[in-house]
Amino acid sequence: MSANRKTMLSSAIISRAVKDSFIKLNPVSMMKNPVMFVVEVGTVVVLMMTLFPGYFQTQDQIGFNLTVFFILLFTVLFANFAEALAEGRGKAQADSLKNSKKEINANKVVGGVIKIVPSTELRKGDIVSVSQGEMIPGDGEVIEGLASVDESAITGESAPVIKEAGGDFSSVTGGTRVVSDKITVRITSDPGESFIDRMISLVEGAKRQKTPNELALNTLLTSLTIIFLIVVVTLGPIAGYLNIELQIPVLIALLVCLIPTTIGGLLSAIGIAGMDRVTQFNVLAMSGKAVEAAGDINTMILDKTGTITYGNRMASEFVPVGGEALQTVGEWAAISSVRDETPEGRSVLELMKKQSLAYDGSVATGAEFIEFKAETRMSGVDLQDGRKVRKGAVDAVKKWVTAQGGNIPADLDASSDSIAREGGTPLAVAMDNRIYGLIYLKDTVKPGMRDRFDQLRQMGIKTIMCTGDNPLTAATIAREAGVDDFVAESKPEDKIALIRREQAEGKLVAMTGDGTNDAPALAQADVGLAMNSGTIAAKEAANMVDLDSDPSKIIEVVSIGKQLLMTRGALTTFSIANDIAKYFAIIPAMFILAIPEMSALNVMGLGSPLSAILSALIFNAIIIPLLIPLAMKGVAYKPMSASKLLGRNIVIYGLGGVIVPFIGIKLIDLVVHLWV
Ligand SMILES: Nc1ncnc2c1ncn2[C@@H]1O[C@H](COP(=O)(O)OP(=O)(O)OP(=O)(O)O)[C@@H](O)[C@H]1O
Ligand SMILES: [K+]
Ligand SMILES: [Mg+2]
């Protein structure tokens, strides 16, 4: 993880947050938070009464009013500070990303010649050439060549990654650097819409939208505020009718103590900090909704190649069947691959070289290229003389050969099964109605998967691997990686169908994938996590991108999602419980102020009515900054049943929320009473 992504709470972030707390006093932005907006209006009213006492006939209260004004002002500022601090780290990251977005020169290929243009002038569809040492001028797809690319500017990972034409490793990101070789890239994004642009607006929180959960809670808090507003506003006339005179600043103090200012002040900070924690894990979440959904995930569907495995499947062996010669298998395998730009296809030609096998490429001149498709699971060429050559998934090639009246060699299944049982992918090689042999494609499971899937199981999440590969290979990889279940030979639509089926059972589904064939499923899932190594289509369809291309990162996102929901719940409970306690400090004080004979109401034994009101108000203000660390870090999450967690949190935050203010207000009163 890079230093810029791990920006700690530096003094620069804190001082910027202090400044922003004042800027956020602007009523237009305050109005988005109705609870704190009411406090701000109250602050202004008390300020007016302090500045123009004659007008309000409250001459004798100036000192008290001024104090109330300052406490209220700080209440609003503390809430703003919480939000500004939560935004701070993202803003700092956005700044450092903006630095890596400097305008550079691009080698645009126009009619076969290279023209130097500024990167900002590149549009979708433009072709550029990028050589060793140069920065890739925009997001795009490699259409020719292979290069190792340093992506540390966005991923923070210093080891270079291989990018190549065709297949699932062809997408490149603007702002990353080619460290060796040369590639030709087709630009896929217009200025302002690049991955880095999206990343900047994400970490900056420029387009942050409230999640459905947050909106619901906000409605509840606003309703509570309106109810208390009505109660307090009608309290004045009722008291007046009983010949009790209640001061307006006292009523405002009462109102502020009763409305849920603690959670109102911390609510958006909790959401922003949750998103920020996801980013700290090098996962980019496009919305807070996705993070919260992750907290409730029941089923997780994973793609195999490129997600659970590295996905750099390489041909490692030719296996003849039906008594064919190794040379013949190699020849047809090579001819089927001459125009296959996928890594699998090119690795076949490399294996030919490695094994010093020769083939006559001119056989394929003028041939029609049959591109690999997830639907057909085959690729190859139709030769000019009418012969058709194919390689592909064994069952697909068997069907293709049988349809042409061919026979299946007796030893084919045994050979392909033995490759599959080792976790390899067998590709059958055929010409017209005859199968010549197999290509052994090797892939490796990413390390540490088993432990991580065990963790998911403990969280109550079921893992299903869903792959286009054959059942035997799938079973081997599934066993090696430790997933709960698997589905083999699935086409893109099967992946979607599986997700829909789970969703129909009322489950929330997460999907991780990297390929273009995963894109529809990534879009259908409640949480779609794309590997950064994957295709542009996958990254655009998903609502999260893992910059480290580690599918098990979903564990962190799930924990953060759960933590986010729990933190919000815990602080809401705490806030409302708090307000109930304040009620006992401030209501008696108000009445004692009006009718001194009622001093028996002073159950908390507070110094004086005025000091009781001020103490409650001070407590109400300082509880906000005191809870900022909890709001930012989130309450501790340990995997345990939801009902047990709920019970535990109600005890801690509900009971604590009632007890803490009694102690706090009493202590503050001991000090405040020295003056009033
Ligand atoms: N270039 C290719 N030419 C011919 N057949 C291929 C080629 N690449 C893959 N195949 C075959 O097609 C099958 C399906 O490929 P697809 O890309 O849909 O899924 P996958 O990569 O095997 O699995 P996953 O969905 O887990 O990424 C592969 O298992 C393999 O048998
Ligand atoms: K309050
Ligand atoms: Mg894949």
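Residues numbered from 1 in each chain as written. Chains lettered and ligands numbered in written order. Predicted model: local features only at pLDDT ≥ 70, side-chain atom pairs only at ≥ 80, totals over all residues. Heavy atoms only, no water.

Peer 1: What am I meant to see in the environment of Gly 205 here?
Peer 2: Along the chain, Gly 205 turns up in the loop between helix 7 (195-204) and helix 8 (212-241). Judged by relative accessible area, Gly 205 falls into the partly exposed class, the value being 32%. In this structure, the C-alpha to C-alpha distance between Gly 205 and Lys 91, residues 114 residues apart in sequence, is 8.0 Å. (Helix = DSSP H or I, 4+ residues; strand = E, 2+ residues; numbered from the N terminus. Buried < 20%, exposed > 50% of the residue type's maximum accessible area, 1.4 Å probe, protein only.)

Peer 1: I would appreciate a short explanation of the UniProt feature "active site" (unreviewed entry) in the chain in the present structure.
Peer 2: Those places that UniProt annotates as "active site" (unreviewed entry) correspond, in this numbering, to Asp 303. Relative to the assigned elements, Asp 303 resides in strand 9 (residues 299-303). Asp 303 sits in the buried class, given a relative accessible area of 5%. Those residues in contact with Asp 303 that lie beyond four places of it in its chain are Ile 308, Cys 466, Lys 495, Met 511, Thr 512, Gly 513, Asp 514 and Asp 518. Only 2.7 Å separates the side chain of Asp 303 from the side chain of Thr 307, close enough to count as a polar contact. (UniProt positions renumbered as here; feature names shortened; annotations may be inferred. Contact = heavy atoms within 4.5 Å. Polar contact = N/O pair within 3.5 Å; in protein donor to acceptor, adjacent residues only side chain to side chain.)

Peer 1: So what exactly am I meant to see when it comes to the coordination of the magnesium ion (ligand 3) here?
Peer 2: When a metal holds four donors in a tetrahedron, each ideal angle between them is 109.5 degrees; when it holds six in an octahedron, the ideal angles are 90 or 180 degrees. Note on the magnesium ion (ligand 3): its protein donors are Asp 303 (OD), Thr 305 (O) and Asp 514 (OD). The metal-donor distances range over 2.3 to 2.6 Å. Read N to C, the donor residues that coordinate the magnesium ion (ligand 3) are spaced as D-x1-T-x208-D. (Donors = N, O, S within 2.8 Å, 3.2 Å for Na, K, Ca; no water.)

Peer 1: What is the right way to look at the site of ligand 1 in this model?
Peer 2: Taken together, 23 residues sit near ligand 1, with Asp 303, Lys 304, Thr 305, Ser 379 and Lys 495 positioned nearest. Thr 305 places a polar main-chain atom, nitrogen or oxygen, 2.9 Å from an oxygen atom of ligand 1. Contact distances for ligand 1 include 3.0 Å between an oxygen atom and a side-chain N or O atom of Arg 313. Considered on its own, ligand 1 offers 610 Å² of accessible surface; in the complex 96% of this is hidden by protein. Looking at the shell around ligand 1, the elements that each hand over two or more residues are helix 12 (304-308), strand 12 (378-382), strand 13 (388-393) and strand 14 (425-431). With 3 residues, the top contributor of residues to the shell around ligand 1 is strand 13. (Near = heavy atom within 4 Å. Areas by Shrake-Rupley, 256 points an atom, 1.4 Å probe, with all protein chains shown as cover.)

Peer 1: Whenever I open this one, the coordination of the potassium ion (ligand 2) confuses me. Can you help?
Peer 2: Around the potassium ion (ligand 2), the protein supplies Val 256 (O), Cys 257 (O), Ile 259 (O), Thr 261 (OG1), Asp 579 (OD) and Asn 620 (OD1) as donor atoms, at distances of 2.4 to 2.9 Å. The coordination sphere of the potassium ion (ligand 2) comprises 6 donor atoms, whose angles at the metal cover 65 to 163 degrees; the geometry is irregular. All donors of the potassium ion (ligand 2) come from a single chain, and their spacing in sequence reads V-C-x1-I-x1-T-x317-D-x40-N. Side by side, Val 256 and Ile 259 carry an identical accessibility label, which is buried. (Tetrahedral: all angles 85-135°; square planar, octahedral: opposite > 155°, others 65-115°.)

Peer 1: What is the right way to read the side chain of Arg 313 from this model?
Peer 2: You can see Arg 313 is positioned in the loop between helix 12 and strand 10 (314-320). Note on Arg 313: relative accessible area 15%, which makes it buried. Residues contacting Arg 313, with those up to four places away along its chain left out, are Lys 304, Thr 305, Pro 343, Glu 344, Ser 347, Thr 425, Leu 441, Lys 442, Asp 443 and Asp 469.

Peer 1: Please clarify how the sheet that holds strand 20 (residues 544-546) should be interpreted in this entry.
Peer 2: Whether parallel or antiparallel, the strands of a sheet pair through hydrogen bonds between backbone atoms. A sheet is described by the order of its strands in space; here 7 strands give the open sequence 8-20-19-18-9-16-17, paired in mixed fashion. The outermost strands of the open sheet, each flanked by one partner alone, are strand 8 (283-285) and strand 17 (485-487). Taken over all neighbouring pairs, the strand axes of this sheet differ in orientation by 20 degrees on average, direction set aside. Taken together, the 5 bridges between strand 9 and strand 16 (residues 462-466) define a ladder with parallel strand orientation. (Pairing = 2+ DSSP bridges. Axes fitted to C-alpha atoms, helices over the stretch in contact; angles between N-to-C directions.)

Peer 1: Just to check I follow, could you spell out the packing of helix 10 (residues 261-280) against helix 23 (residues 609-633) for this structure?
Peer 2: Between two packed helices, both the angle of their axes relative to each other and the distance between the axes serve to describe the pair. Two numbers describe how helix 10 lies on helix 23: the axes approach to 9 Å, and their chain directions differ by 20 degrees. The angle between the axes of helix 10 and helix 23 places the two elements in the roughly parallel class. Crossing geometry of helix 10 relative to helix 23 is assigned as right-handed. Of the residues in helix 23, those in contact with Thr 261, Thr 262, Leu 266, Ile 270, Ala 273 and Arg 277 of helix 10 are Asn 620, Ile 623, Ile 624, Leu 627, Ile 628, Ala 631, Met 632 and Lys 633. Along the lines of polarity and charge, the residues of the contact of helix 10 with helix 23 split into 9 nonpolar, 3 polar and 2 charged. (Parallel < 35°, antiparallel > 145°, perpendicular 65-115°, else oblique. Left-handed = near helix turned anticlockwise from the far one by under 90°. Nonpolar A, V, L, I, M, F, W, Y, C, P; charged D, E, K, R; others polar.)

Peer 1: What is the right way to look at the UniProt feature "binding site: Mg(2+)" (unreviewed entry) in the chain in this model?
Peer 2: Annotation from UniProt places "binding site: Mg(2+)" (unreviewed entry) at Asp 514 and Asp 518. Among the structural elements, Asp 514 can be located in the loop between strand 18 (509-513) and helix 20 (519-524). With relative accessibility at 1%, the residue Asp 514 sits in the buried group. When near neighbours in sequence (up to four residues on either side) are disregarded, Asp 514 contacts Asp 168, Asp 303, Thr 305, Gly 306, Thr 307, Met 531, Gly 534, Thr 535 and Ala 538. Relative to the elements of secondary structure, Asp 518 occurs in the loop between strand 18 and helix 20. Residue classification places Asp 518 among the buried residues on the basis of a relative accessible area of 0%. Those residues in contact with Asp 518, other than ones at most four positions away along the chain, are Asp 303, Lys 495, Met 511 and Gly 513. A distance of 2.6 Å separates polar atoms of two side chains, one belonging to Asp 518 and the other to Lys 495.

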